[in-house]
Structure formats: structure tokens, C-alpha cells
Amino acid sequence: LHLVLLDWKMPGLDGIECARRLLTQAADRPPPAVLMLTAFGREEVQQELRRRGVDVGALLLKPVTPSSLFDACGTVLGLTRPRVTRAAQQEEALRALQAALRGARVLLVEDNEVNREIAVSILAHAGLEVHTAHNGLQALECLRQQTFDGVLMDCQMPEMDGYEATRAIRQEARWRDLPVIAMTANAMAGDRERALAAGMNDHIAKPVNVQELFGKLVHWLRPGAASFRT
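Numbering of residues starts from 1 in each chain and follows the order in which that chain's sequence is written. Reporting of local features is limited, given that this is a predicted model, to residues whose pLDDT is at least 70; pairs of side-chain atoms are given and counted only at 80 or more, and all residues count toward the totals for whole chains, interfaces and linings. Values shown for side chains rest on all heavy atoms present in the structure; no hydrogens or waters enter the calculation.

1. Concerning the overall build of the protein
Under the convention used in this document: Helix and strand definitions here come from DSSP, where helices need a minimum of 4 consecutive H or I residues and strands a minimum of 2 consecutive E residues; each element is numbered from the N-terminal end. Type-normalised accessible area, obtained with a 1.4 Å probe on protein chains alone, sets the label of each residue: buried when under 20%, exposed when over 50%, and partly exposed for intermediate values. The contact rule is simple, with two residues in contact once any of their heavy atoms fall within 4.5 Å. With residues, only the protein chains shown are counted as cover, and all accessible areas are computed by Shrake-Rupley using a 1.4 Å probe. The sign given to each residue is positive for Lys and Arg and negative for Asp and Glu; His and the chain ends receive no count. The atom standing in for a charge is NZ when the residue is Lys, CZ when it is Arg, CG when it is Asp and CD when it is Glu.
When its secondary structure is counted, the protein shows nine helices and eight strands. Dimensions of the protein along its principal axes, counting C-alpha atoms only, are 70 × 30 × 30 Å. Taking all 230 residues of the protein together, 42% fall into the buried category. Sequence-distant contacts in the protein: of pairs separated by 6 or more residues, those separated by 24 or more amount to 62%. Only carbon and sulfur atoms are counted for the fraction: they give 53% of the accessible area of the protein, which is about 12400 Å². Counting 27 positive and 28 negative side-chain charges, the protein places the centres of these two groups 4 Å from one another.

2. Regarding the pairing of strand 1 (residues 3–7)
Note the following rule: For two strands to count as paired, DSSP must find a minimum of two bridges between them.
Here strand 1 shows a clear split, with V4 and L6 buried on one side and none of L3, L5 and D7 buried on the other. Relative to strand 2 (residues 33–38), strand 1 runs parallel, the two being bridged by five bridges. Along strand 2, the bridge assignment pairs L5 with L35.

3. Regarding the sheet that holds strand 5 (residues 129–133)
The following threshold applies: Whenever a helix is involved, its axis is fitted only over the stretch in contact; in every case the axis is a line through C-alpha atoms, and angles between N-to-C directions fall within 0 to 180 degrees.
Read from one edge to the other, the open sheet built from five strands follows the order 5-4-6-7-8, with strand pairing classed as parallel. The sheet terminates laterally at strand 5 and strand 8 (202–205), the two strands that pair on one side only. Adjacent strand axes in the sheet meet at a mean angle of 20 degrees, parallel and antiparallel pairs treated alike. Note that strand 7 (residues 180–184) and strand 8 share four bridges and pair parallel. Among the inter-strand pairings, I181 is bridged to a residue of strand 8, identified as D202. Packed onto the sheet, helix 5 (residues 113–125) meets strand 4 (105–109), strand 5 and strand 6 (150–154) and runs at close to 165 degrees relative to strand 5. Across the sheet, helix 7 (residues 162–170) is in contact with strand 6 and strand 7; its angle to strand 6 comes to roughly 150 degrees.

4. Some words on the packing of aromatic side chains
Heads up, the rule is: Pairing of aromatic rings covers Phe, Tyr and Trp, the last counted by its six-membered ring, and requires centre-to-centre distances within 6.5 Å; plane angles under 30 degrees mean stacked, over 60 mean edge-to-face, and any other angle means tilted. Here, over-ring charges are defined by two tests on the NZ atom of lysine or the CZ atom of arginine: distance to the ring centre within 6 Å, and angle to the ring normal within 35 degrees.
Within the structure shown, the criterion is met by zero aromatic pairs. Over the face of the ring belonging to Y163 we find R194, whose NZ or CZ atom lies 3.9 Å from the ring centre.

5. Describing the environment of A124
Note that A124 resides in helix 5. For A124, a relative accessible area of 39% translates into the label partly exposed.

6. Looking at the nonpolar core
Operational definition: Working definition of a nonpolar core: buried Ala, Val, Leu, Ile, Met, Phe, Trp, Tyr and Cys residues. They are joined through side-chain atoms within 4.5 Å.
L107, V109, L143, V151, M153, I169 and M200 are the most contacted members of the largest nonpolar core, which has 23 residues in total. Elements with a contribution of two residues or more to this core: strand 4, helix 6 (136–145), strand 6, helix 7 and strand 7. In terms of residue count, helix 6 provides more of this core than any other element does, four residues in total.

Shown next, in the form of C-alpha cells:
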């Protein structure tokens, strides 16, 4: 066994503990190179690796592209020289986007529990303050009680879907300029147009591309603007 790809967050035995056991196996055979995969921030994983005394060959942020995986495998196996890869450049760009959004207050409207947990983790680890609603009715109630810099709105939800909720948002003068970005599993050609027609500012297809997500948030949100919105 020459190479192992390990996810960090796993039930029972997480990736760091699994890597520690692999790297401290019997001395009669060399340990495999370990690539650690994570949807969380690089710094958080590095801190946990240092705390637990584990050294891995490379860290890859999800979603992993074929080019970043190829580069990392070649580097840890000694087949290529370390270089500034396209993946590293993309990661640096992502960190810059996340830094620009730090402190932004976002309302995530999503009825699927798994999708909600993943999105909250990604956003919160980037320094955003995330509040959640499970459908359009809850979203309207949250907006009445608190101020937000933007809304990430699922489109297909029970009780009140994202389209109806957005139309209701736009009927209120205080929310007419509130950025609302659709997040939908639909990838049909007309989905973006339907979202815009309902009053949404933009559209993101699921599964969400993290780079695209933060890029669109940076484009539409102005962290701190919620404090001045009446």
C-alpha cells in the first residue's frame, strides 16, 4: 500500500486518528503516503494535526479537482517536484473571498437537514454568522425579527417554497435590496431565469461549488450593511 486518501470528518474513527495508526504501523514495512481530504478550512485541520502529532503528505480541500488530486499524488509519491499548483492558486483565491465575507450575517433557508448542516459548516468556518430557516414561512419570520446581509434560498421546500418566499420579501420596501441567492438541485436551463423572475439576485446549482458560492456571496453581499438597513 503506497497511498491512502482519508477524509477528515468520519464517524467512529476520524481521518487523523486513522492516519496516525497507519503512520505508526510495524517497522518492517514503510507507511503509506497519506492525503487528507476536508470540506473545512486548511488552518483548522493543520492545527488538529499538530495537536495530535500527525504529519500527512498533503491536505486537499473539497471539492477536489482532478488536477489538484493528480498534483498532490505526484508530489507525495516523489514523482513530481512541488510547485505552485492551480489548486494552490484556487485555494488562495478562495481564502481571499472568505476573508472579504468575514462577519457577514446570512440567513440559510433549506429544508434538507444534511444539506443544511453542510452549508452551515462551510459558511461558519469561513467566519460568517449563519442563521437557518426550514422553509419560506420561517424565513419571513426570521427576517422580521433580525437583520441579515443576505439570504441563501432553497427553491423546493414544503409550506412555502423559495420562489413564493422571495416574492413576499420583495413586496416589503425594507427588503427590496436584500440580496437573495437561489440554491436549487435543479440544473435546467430555465431555473436561473425563474429565480430571477421571482426577485432573486442570482442562482447556484446543487451540489454547490464552494468557489462559486463564495464568489457570488462576495459579489452581492456587503458585510455590515444589515446594521444600517431599515
